[in-house]
Amino acid sequence: MPDSQANHDELFKLRHTAEHVLTMAMHNLYGTDQVIMAMGPATDDGFYFDFDSGEDFKLSEDQFPKIETEMERLIDLDLPVSRQEISVEEGREMFAGNPYKQEWLDEIEAAGEQASVYWLGEPGKEDSFADLCRGPHAASTGEIKAFKLLSIAGAYWRGDEKNKMLTRVYGTAFSSAAELEQYLKNLELAKQRDHKKLGRELDLFSFSDLVGPGLPLWSPKGTILRNLLDDFVWQLRQEKGYEQVEIPHITKKDLYETSGHWDKFGDELFRMTTKEGHEFVMKPMNCPHHTQIYARKQFSYREMPQRYATTTMVYRDEQTGELNGLSRVRAITQDDSHVFCRPEQVADEVNAVWDIAEEFYQAFDFKLDVRLSLHDPNEPDKYLGGEERWQAAEQQLRELAKKRGVEATEAPGEAAFYGPKVDFMAYDSLGREWQVATIQLDFNMPERFDLFCINEAGDQERVVMIHVAIMGSIERFLSILIEHYGGAFPLWLAPEQVRILPIADRHHDYARKIADQLVAADIRVTVDNQGDRLPAKIKSAQLDKIPYMLVVGDQEMESGAVNVRQRDGEQESLEVGELVEKLTEEISSKK
């Protein structure tokens, strides 16, 4: 096991144990009648604990210091952590009166599994604590060297808005105080860079109560961003032989019944019934539509592969409580493409889109890691197709990664239901990991839709389908990108690349003349014609994170030049021709 994975596993145990310490501390302080345990897992960033309580008990962040003091006491005691396997009947008695634990026990019993609890302290002692849990955990509470409670939120039991709203306490834990301090610094930076906050301040997007939650509205500046990103992806795809197609936003349910999506995702679809009684849905994905473009005619092996690309919205009935800015929305714009090819063409096609992903993310200085998302052989019901086909497809991806010299992490259970994936993991400027581009092999959908080409012998040959998204979702990718740059986009991507700041009214005509020259060079420019003094104009441009500000006054009019102020504070005087050459080179190189 690589050291990074081992460290991750140890941190997971530590955080899981910290969550139990939190629960024990709250029981000690407030009693089991006010803190009714629901669930509390470790996460990639820390841990959380959901609990129910009486109406007379309300927890606030003001109580965190008190809870943290009790947690520190329990950690200093270095309580041993031990696992005990129990019968379902013992569990029902141990957690009598707790409906949430009883529901877990119902599921354990139905699955025929063994129940287990983890103890903090000596099992069965009055001052010890136990919770129904699979683990794993640290060996003792003393292994928790640094922790912090972070926030409180409401959360529906099991994420279902039909269930009761519980109280969720978020926290984090690390193996050293230095790691915790760095995490808290990054957390504060992340708050300052929150894409929802910057989206409003920079006038990129908004939400309307009349339109509905999870349905972002894009301003002119935000639309420029979307289009620039989509154009960049299309430019890279076009070089690899892709063709654009277009599809409708609705379909008969029959399409998804054939593809298998209806059984898997039927509850996530927006449905509608026509006046004739026909059932339609808003498309939640594009791949079944693309199969029908391929199926429109019979293709010879000489015409393979067929590569289709489209950027279009899909719609998913996400729960209101899980919507989050651009990160989780109901209207999702996918830069989607699908390749239909012969089995022996898979390697070349995957390599081609792998090249696209690497070139695209290099433009944003994202470091990419590769994850092979594989099926879980212990849960065959979750996937389409037989075990032998899955094994062959996964081995093909392993070999492709090896030939590219890439050390890929394998993630069983993370595959799509129709095939394994190559997922690209990006690390932003705050060191956070995001899953971005994906390449998915699909041997099942061509089977379900009977897709084939005519081979050299004149026989029907089953094709392979490759699903590719470079950004995945433009909305989600922009939420990442806004926070990665803190809203200070590089010149090529900035919606407003240059703002000209005339010092006085008499300089407006000269400013407009310069603007016309920049526009002719395809540079996005505005002129600040407000009656403010120059310092106020500069401050406004800085708040809007404009890459270049051009100050023009009497001296500039006389010399035919401009005073150039960059966002980072650097200043210089340039002739307009020199400026255009400088900006054009910076834009084309995507520095």
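Further up the page is the structure itself.
Residues numbered from 1 in each chain as written. Predicted model: local features only at pLDDT ≥ 70, side-chain atom pairs only at ≥ 80, totals over all residues. Heavy atoms only, no water.

Engineer: I keep staring at helix α16 (residues 534-543) and nothing clicks. Help me out?
Structural biologist: Residues that lie three or four places apart on an α-helix share one face, since the helix turns once every 3.6 residues. Here α16 has its buried residues at K537, I538 and A541. Seen from one end, α16 has its buried residues packed into an arc of 100 degrees, which puts them on one side. The outward face of α16, more than 90 degrees from its buried face, is lined by the exposed residues P535, K539 and L543. Buried residues along α16 sit in contact with β24 (498-502), β26 (548-552) and β27 (561-566). Taken from the residues just after α16, K545 is the one with a positive phi, measuring 60 degrees. (Buried < 20%, exposed > 50% of the residue type's maximum accessible area, 1.4 Å probe, protein only. Helix = DSSP H or I, 4+ residues; strand = E, 2+ residues; numbered from the N terminus. Arc of directions from axis to C-beta. Contact = heavy atoms within 4.5 Å.)

Engineer: I'm lost on the packing of aromatic side chains in this one. Help?
Structural biologist: Aromatic ring pairs are described here by two measures, namely the spacing of the ring centres and the angle between the planes. Counted by the stated rule, this structure contains 26 aromatic pairs. Consider the rings of Y294 and F340, whose centres lie 4.8 Å apart with planes at 20 degrees: the pair is stacked. One end of the pair, Y294, is in helix α10 (residues 287-294); the other, F340, is in strand β16 (residues 331-341), and 46 residues separate them in sequence. The residues Y294 and F340 share a single accessibility class, namely buried. Look at F364 and F366: their rings are 6.3 Å apart centre to centre, the planes differ by 50 degrees, and that puts the pair in the tilted class. Exposure remark for F364: the relative accessible area of 0% places this residue in the buried category. (Phe/Tyr/Trp six-rings, centres within 6.5 Å; stacked < 30°, edge-to-face > 60°.)

Engineer: I keep staring at the layout of surface pockets and nothing clicks. Help me out?
Structural biologist: By rolling a water-sized probe across the atoms, one finds the places where empty space is left. Within this model, the second largest pocket holds a volume of roughly 1200 Å³. Taken together, 39 residues make up the lining of the second largest pocket; nearest its centre are R316, Q334, K421, Q435 and Q440. When the residues that make up the lining of the second largest pocket are grouped by side-chain class, the tally is 16 nonpolar, 12 polar and 11 charged. (1 Å grid on protein atoms, 1.4 Å probe; cavity = no way out; pocket = protein on both sides within 12 Å on 5 of 7 lines; lining within 4 Å. Points joined across faces, edges and corners; volume = space filled by probe spheres on them. Nonpolar A, V, L, I, M, F, W, Y, C, P; charged D, E, K, R; others polar.)

Engineer: Even after reading the chapter, I still don't get the nonpolar core, so can you show me in this structure?
Structural biologist: If you look at the biggest cluster of nonpolar residues, it comprises 81 residues, and the most contacted ones within it are L229, F360, F364, I500 and L518. Counting residues per element, this core draws most heavily on helix α11 (residues 346-362), which supplies 8 residues. I500 has contacts with A511, I514, A515, V525, T526, V527, D528, L550 and V552, leaving out every residue within four places of it along the chain. By size, the runner-up hydrophobic cluster in this structure holds 41 residues, among which are A18, I75, I86 and L120. (Core = buried A, V, L, I, M, F, W, Y, C linked by side-chain atoms within 4.5 Å.)

Engineer: Can you help me understand the sheet that holds β24 in this one?
Structural biologist: Adjacent strands of a sheet pair through backbone hydrogen bonds, lying either parallel or antiparallel. Across the sheet, 5 strands lie side by side as β25-β24-β26-β27-β28; this open sheet has mixed pairing. Only two strands of the sheet have a single partner each, and these edge strands are β25 (525-527) and β28 (571-575). Put simply, the sheet's adjacent strands are angled 30 degrees from each other on average, direction ignored. Bridge count between β26 and β27: 4 bridges; the pairing is antiparallel. Bridge pairing in β27 links V551 to N563. Lying over the sheet, α16 contacts β24, β26 and β27, oriented at roughly 170 degrees with respect to β24. (Pairing = 2+ DSSP bridges. Axes fitted to C-alpha atoms, helices over the stretch in contact; angles between N-to-C directions.)

Engineer: Before we go on, may I ask you to explain the environment of S140 in this structure?
Structural biologist: Within the secondary structure, S140 is located in the loop between β5 (129-132) and β6 (146-156). In this structure S140 comes out as buried when scored by relative accessible area, which is 13%. It is 27 Å that separates the C-alpha atoms of S140 and E61, two residues lying 79 residues apart in sequence. Among the polar contacts listed, one links the side chain of S140 to the side chain of D78, at a separation of 2.5 Å. (Polar contact = N/O pair within 3.5 Å; in protein donor to acceptor, adjacent residues only side chain to side chain.)

Engineer: Whenever I open this one, unusual backbone geometry confuses me. Can you help?
Structural biologist: For residues besides glycine, phi is generally negative; the peptide bonds are generally trans as well. Of note, the amide linkage connecting G135 to P136 takes the cis form, showing an omega dihedral of 0 degrees. The topology assignment puts P136 in the loop between β5 and β6. With an omega of 0 degrees, the peptide bond between M304 and P305 qualifies as cis. Backbone geometry places D78, a non-glycine residue, at a positive phi of 50 degrees. When you line up the elements, D78 lands in the loop between α2 (64-76) and β3 (81-86). Overall, D78 belongs to the partly exposed group, its relative accessible area being 41%. Positive phi is not limited to glycine here, since R158 has a value of about 60 degrees. Secondary-structure assignment places R158 in the loop between β6 and β7 (165-174). Overall, R158 belongs to the partly exposed group, its relative accessible area being 32%.

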